[in-house]
Amino acid sequence: PSIFLWNMGDSKNPVLQLAKATDEYDLVELKDDIAISLQMCDQLTYDNVFLPFQPGNGKIKIKEPQELAIKAMKQIDDAIRMAKDAM
């Protein structure tokens, strides 16, 4: 599950486990980048749910969470490629 990539701690993070298994420690930095992308995507999506009850212009953000999800998917692909290359 994707939650292991950003919300369950390092002990369950598969990218960190790949880094340790392959000695490819650039994956540690990428793990953090993936976590940030997923956290921001989650936050923007969550904010959209409660937008009608908040002050402001009332605009729902659709583009931003989608872009962050796509970015995270590319970062995950990069992690897989880096782990394969290290083996």
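Just so we're clear, the structure is a prediction, and the values are computed from it rather than from any experiment.

Colleague: Give me the pattern of salt bridges: which residues, what numbers.
Modeller: All chains considered together, the criterion is met by 5 salt bridges. Of the charged contacts, one joins D32 and K31 as a salt bridge, the two residues approaching to 2.8 Å between their closest N and O atoms. In this structure D32 comes out as partly exposed when scored by relative accessible area, which is 35%. For D78, the salt bridge identified is with R81, shortest N-O distance 3.6 Å. Here the residue D78 and the residue R81 both occupy positions in helix α3 (residues 63-86), the gap between them amounting to 3 residues, near one helical turn. With a relative accessible area of 32%, D78 lands in the partly exposed category. Residues joined by salt bridges that share partners form a network here, namely D10, K31 and D32.

Colleague: Talk me through the nonpolar core; I want residue IDs and the actual numbers.
Modeller: Counting 11 residues, the largest nonpolar core consists of L5, V15, A19, L27, L30, I34, L38, A72, A79, M82 and A83. Of all elements in the fold, only α1 (14-22), α2 (26-50) and α3 reach the threshold of two or more residues within this core. If sequence neighbours within four positions are ignored, L27 has contacts with V15, L18, A19, T22, A79, M82 and A83.

Colleague: Can you tell me about α1, naming the residues and giving the values?
Modeller: Think of an α-helix as 3.6 residues a turn; residues three or four steps apart then line up on the same face. Of all the residues in α1, the buried ones are V15, L16, A19 and T22. Around the axis of α1, the buried residues are gathered within 140° of arc, so they sit on the same side. Pointing more than 90 degrees away from the buried face of α1 are the exposed residues K20 and A21. In this structure, the buried residues of α1 make contact with α2 and α3.

Procedures and definitions
Residues numbered from 1 in each chain as written. Predicted model: local features only at pLDDT ≥ 70, side-chain atom pairs only at ≥ 80, totals over all residues. Heavy atoms only, no water. Salt bridge = Lys/Arg side-chain N within 4 Å of Asp/Glu carboxyl O. Buried < 20%, exposed > 50% of the residue type's maximum accessible area, 1.4 Å probe, protein only. Helix = DSSP H or I, 4+ residues; strand = E, 2+ residues; numbered from the N terminus. Core = buried A, V, L, I, M, F, W, Y, C linked by side-chain atoms within 4.5 Å. Contact = heavy atoms within 4.5 Å. Arc of directions from axis to C-beta.

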